[in-house]
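Per-entry structural report
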Amino acid sequence: MTTRNRVDVIHGVNLDMLGRRPARHYGDLTFDQLEQQIGEFARELNLEARFFQTNHEGELVEHLHRLEGLADAVVINPGAWTHYAWSIRDALEIAGLPAVEVHLSDVDAREDFRKVSVIRDHCFLTIKGQGVEGYRAALTAIKEKLDL
Ligand code: DQA
């Protein structure tokens, strides 16, 4: 039997700039450190993590199109696209995989525009305001969802 433990960890626009963004919202890890930490969480949970980041909306859409057969679940932090990118919402629907939405900051305690998420109805869980630990919670929830 093949193990269904492949998790695609997706970061959208401006997340590659972590380390240069306000630490009070996003913490002080660089993007590389964030990915490294997520990789460690995944290893601890026996999940196989694959990473993708882009600042180009269409690239994220095409990445989601290509996931069929390559991933069993998705962790996605689309950055500002969360709040308005219907194309990403539709592509997530096409991907059809169990997905968790993660935000480093507490989007509901910030500006009003951040309270809207267009992807939320295609995610079985949203985690916000827990910094990097939110990714551990997301991967743990995915492990449970996949019955692993
Ligand atoms: C973010 C929150 C978004 O509102 C913001 O545009 C980001 C990062 C977060 O991780 O807290 O770029 O998704």
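See the structure above.
Residues numbered from 1 in each chain as written. Predicted model: local features only at pLDDT ≥ 70, side-chain atom pairs only at ≥ 80, totals over all residues. Heavy atoms only, no water.

Considering the sheet that holds strand 3 (residues 73-79)
Just so we agree on the cut-off: At least two DSSP bridges between two strands are required for those strands to pair. Under the scheme used here, helices are H or I runs from DSSP no shorter than 4 residues and strands are E runs no shorter than 2 residues, and both carry numbers assigned from the N terminus. Each axis is a line fitted through C-alpha atoms, taken for helices only over the stretch in contact, and angles between the N-to-C directions span 0 to 180 degrees.
Read from one edge of the open sheet, 5 strands run 2-1-3-4-5, paired in parallel fashion. Across the chains shown, the open sheet's two edge strands, defined by having one partner strand only, are strand 2 (48-53) and strand 5 (125-128). Taken over all neighbouring pairs, the strand axes of this sheet differ in orientation by 20° on average, direction set aside. Summarising the sheet, strand 1 (residues 6-13) and strand 3 pair through 6 bridges and their orientation is parallel. Among the inter-strand pairings, valine 13 is bridged to a residue of strand 3, identified as glycine 79.

Points about the packing of helix 3 (residues 57-65) against helix 4 (residues 86-95)
Stated formally: The cut-offs work like this: below 35 degrees is roughly parallel, past 145 is roughly antiparallel, 65 to 115 is roughly perpendicular, and the gaps in between are oblique. Contacts: residue pairs with any heavy atoms within 4.5 Å of one another. Think of it as three bins: nonpolar holds Ala, Val, Leu, Ile, Met, Phe, Trp, Tyr, Cys and Pro, charged holds Asp, Glu, Lys and Arg, and polar takes everything else, Gly as well.
Contact geometry of helix 3 with helix 4 gives a least axis separation of 8 Å together with a crossing angle of 10°. Between helix 3 and helix 4, the angle is such that the two are roughly parallel. Judged by residue contacts, Glu57, Leu60, Val61, Leu64 and His65 of helix 3 engage Ser87, Ile88, Ala91, Leu92, Ile94 and Ala95 from helix 4. Split by residue class, the contact of helix 3 with helix 4 holds 8 nonpolar, 2 polar and 1 charged.

Remarks on the packing of aromatic side chains
Inclusion rule: In this scheme Phe, Tyr and Trp rings, the latter by its six-membered ring, pair at centre separations within 6.5 Å, and the angle between planes marks the pair as stacked below 30 degrees, edge-to-face above 60, and tilted otherwise. Charge-over-ring placement is defined geometrically: NZ (Lys) or CZ (Arg) within 6 Å of the ring centre, and within 35 degrees of the ring normal.
According to the stated counting rule, one finds 0 aromatic pairs in the structure shown. The lysine or arginine in question, lysine 145, covers the ring of phenylalanine 124, its NZ or CZ lying 4.6 Å from the ring centre.

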